[in-house]
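# Observations on chain architecture
Below are the chains, spelled out letter by letter.
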Amino acid sequence: MASSTPPTLTTAKPYQNHHIQNIQNQHHRRTHNGHNSLHPPPPRNPTAAKPPAPIPATVAAGTHRNPNFTPLSSSKSELAADFSGRRSTRFVSKMHFGRQKSGGSIRHSIVAEDALQQLIRCSGDDRLIESVLLSFQSKLCGSDDYNFVLRELGNRNEWSMAIQCFEFAVNRERRRTEQGKLASSVISVLGRLGKVELAKKVFETAVSEGYGNTVYAYSALISAYAKSGLCDDAIKLFETMKLSGLKPNLVTYNALIDACGKGGADFKRASDIFDDMLSNGFQPDRITYNSLLAVCSGDAASSGGHMDYAFQIMAEMTAKNIMPNEVTYSTVIRGCAKSGRLDQALSLVSEMKYANISLDRVSYNNLLAIYASLGRFDEALNVVKEMENTGLKADVVFYSEIIDSLCKKGFVESSALLLDEMTKKGIQPNVVTYNSIINAFGHSGEARLTNDNKREIVCLENGEKKVTNRDEDRIINVFEQLASGKLNIGEKGRKEIICVLGVFRKMHELEIKPNVVTFSAILNACSRCSSFEEASLLLEELRLFDNQVYGVAHGLLMGYRENVWVHALSLFDEVKRMDSSTASAFYNALTDMLWHFGQKRGAQMVVLEGKRRQVWENTWSDSCLDLHLMSSGAARAMVHAWLLNIYSIVYEGHELPGLLSILTGWGKHSKVVGDCALKRAIETLLGSMGSPFRVATSNIGRFISPGPMVAAWMRESDTPKLLVLEDDRAYPQTHPNLQPLVL
DNA sequence: GTAGGGTTAG
């Protein structure tokens, strides 16, 4: 059942084009139709039983708008891109909004642009690509044209096609210099896309074929290492380059210093390279200084000291008449903001304006983030107005940032108003915008409702039925039940849930496809519900979005674990394709929800599966359990499992290690630094079981106990019973062949 | 061939 379902867990990015969006909508509809339901709930009314299951009318209408719908079967590569785990929009934004290439003159021919367009249409079909390349072979003018094509393919994330074009071109080129240019170009493209291993391969081939031994190719690969944060590799390559007799130039040095910044190297290392550069007679330019400033502003800076160097460097620049530009300022402003010097960051913005350096997107984004983190929302909105007056359009990310900050500070009502406002201005909210608001559910002290929601409640309470062309619209159904007071939910929870359901409805209306973060957010919201009924309303939303995730969450919650486990495993296979923090967030959310509602054995099965799949990277050995990336439910379930494992060691007559520790961290990974919620939860758990673990004096985030004391505790008659977890709701196994959980 | 930034879950 579940295995026949197309992948539904995505971390779709806002920059995805309409083509992909359409595929996703179509994909979404399939899920809605829900033939793969694991546990179809009984219909609430006779009409609900009729297929198809509720699909927002606007989603269905999408087919009319785009008759040239691309079939799902041809969309594999685009969908696969959703699973790449790339989370930053930085690179893609830069493609659209970044600086123009300096140097001015266009070097490629018009034919190259034509070739590019034709190639893009052949994406995914190597043979077609080959035939387009053959048809243009005689018309393209050397490396300038090919380099243009390679760069543009890179901008479209067509790295595989870029490699194919490179190989085509380099095999038909006799001149070494031209071959070298092509190699440097494709190395750079691959580096920018984070394909550093491929870049390295191209480089090595180019060297062995005799056209790669140039300062350009080396610089390009150093830069590729830089972009992947591989500072050590960059430095090693730099040494190899010198040994092979090539002289580094200014660009090489700049790329190397950049590698220090991106690879988290300390300032000392970068400044040694800078000194080496000076002693070799190179004068630093603005890029050198800006790269050096990035080192100061990097992660090391957040712990203190290096911003003072940054100001010295800026002074030195001015003294040498290398004037700071917008990159200089935004680098330093960011460093200030990261290290908590928000006032200093703001005065740098003023200084920048005074120096007549116009603020660009990055600068405005910095400014917005500063105001938002200070809670100065009026000024944050003014930033948006100001940038629109300098002719820059605030996009969905700008608005989402403000909305998220509002939500975090508890102003959910204002955030929903802003959501309306941005929509009216023609800026489409995306899934991230909505996820912020869903995450706010259950956090605010009181329900803060939008005017629309208020009208909705009044309408429903007065018994007015909203006109809808779909009788089976389950969301409206829920609204009606809420309004009629049939559900066992307190007044506060009732209003809040109406608010969040309103948010879901807008997502449906705007055809915003949820992603795995949405699912995690819904599950987390369930964990904050005080009643089962309230949570089931949220789970109902989950069901409308995705049957597979719903089936697993609902099945485990209801205690049908043996029945759903096979589906859970296939769901975890999909989650495994995400990057580790996305995956662990999902496991944490699911476990917390199960734990919260008393399904502790189910929660434990989930965390053990996560451990088996290395979701949390480290976790356990016989002497140490590391919980620091886990939520409190996941961590507690894991403590039980680990202690049971220790128990079996003792039971089998083996000796325990001299010292056992449980690490919880001290809140470093929490949203609020120093918030030790996890530590407190574990402390309570260990205390309640009468365990001998105590907080270590040397490390407040660590519980320790001598092995013999743990062994003695294990031998007490009550201990094993305390360690075994049970579900509040459990149903007899219907598949006797399925083995019960074995630790 | 080289420089800065961004929203959600944690």
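Residues numbered from 1 in each chain as written. Chains lettered and ligands numbered in written order. Predicted model: local features only at pLDDT ≥ 70, side-chain atom pairs only at ≥ 80, totals over all residues. Heavy atoms only, no water.

Right, let's get into the overall build of chain A. Within chain A one finds 37 helices and 4 strands. Scored against the burial criterion, the 743 residues of chain A give a buried share of 50%. Within chain A, contacts between residues at least 6 apart in sequence are counted, and of these 69% link residues at least 24 apart. About 34,900 Å² of surface is accessible on chain A, with carbon and sulfur atoms providing 52% of the total. (Helix = DSSP H or I, 4+ residues; strand = E, 2+ residues; numbered from the N terminus. Buried < 20%, exposed > 50% of the residue type's maximum accessible area, 1.4 Å probe, protein only. Contact = heavy atoms within 4.5 Å. Areas by Shrake-Rupley, 256 points an atom, 1.4 Å probe, with all protein chains shown as cover.)

To continue, consider the packing of aromatic side chains. Going through the model one piece at a time under the given rule, you end up with 13 aromatic pairs. Between Phe572 and Tyr587 the ring centres are 4.8 Å apart and the planes differ by 25 degrees, which places this aromatic pair in the stacked class. In this pair, Phe572 sits in helix α31 (residues 561-575) while Tyr587 sits in helix α32 (residues 580-596), placing the two residues 15 residues apart along the sequence. Like Tyr587, Phe572 is buried. (Phe/Tyr/Trp six-rings, centres within 6.5 Å; stacked < 30°, edge-to-face > 60°.)

All right, on to the side chain of Asn325 then. Looking at the element boundaries, Asn325 is found in the loop between α17 (306-319) and α18 (326-338). A relative accessible area of 13% places Asn325 in the buried class. Of note is the side chain of Asn325, whose polar atom sits 3.1 Å from the backbone nitrogen of Val327. In this structure the side chain of Asn325 is engaged in a polar contact, spanning 2.8 Å, whose partner is the side chain of Thr328. (Polar contact = N/O pair within 3.5 Å; in protein donor to acceptor, adjacent residues only side chain to side chain.)

Turning our eyes to something else, we now look at the pairing of strand β2 (residues 659-663). Consecutive residues of a regular strand have side chains that alternate between opposite faces of the sheet. Where strand β1 (residues 624-626) meets β2, 3 bridges bridge the pair, whose relative direction is parallel. Considered in β2, the bridge of Asp626 is made with Leu663. As paired strands, β2 and strand β4 (residues 702-706) are joined by 5 bridges and run antiparallel to one another. Counted as the bridge partner of Leu659 is Pro706 from β4. (Pairing = 2+ DSSP bridges.)

Attention shifts here to the environment of Leu557. Summarising the element assignment, Leu557 is placed in helix α30 (residues 547-558). The exposure class of Leu557 is buried, given its relative accessible area of 3%. Remark: the alpha-carbon pair of Leu557 and Asp728, spanning 171 residues in sequence, is separated by 9.4 Å. Ignoring anything within four residues of it in the chain, the contact list for Leu557 reads Phe532, Leu539, Met593, Leu594, Phe597, Gln599 and Arg729.

Another aspect to go through is the pattern of salt bridges. Close approach of charged atoms lets side chains of opposite charge pair. Counted under the stated rule, the structure contains 24 salt bridges. Residue Asp144 pairs with Arg107 through a salt bridge whose shortest N-O separation is 3.7 Å. With a gap of 37 residues between them, Asp144 in helix α7 (residues 142-155) and Arg107 in the loop between α4 (90-97) and α5 (110-121) connect regions that are remote in the sequence. With a relative accessible area of 29%, Asp144 lands in the partly exposed category. (Salt bridge = Lys/Arg side-chain N within 4 Å of Asp/Glu carboxyl O.)

This brings us to the UniProt feature "repeat: PPR" (unreviewed entry) in chain A. The UniProt entry lists residues 214-248, 249-284, 325-359, 360-394 and 395-429 under the feature "repeat: PPR" (unreviewed entry), expressed in the numbering used here. Annotated as residues 214-248, this span is 74% helix and 0% strand, and its ends, taken at the C-alpha atoms, are 10 Å apart. Measuring from the first to the last C-alpha atom of residues 395-429 gives 9 Å, for a span that is 74% helix and 0% strand. (UniProt positions renumbered as here; feature names shortened; annotations may be inferred.)

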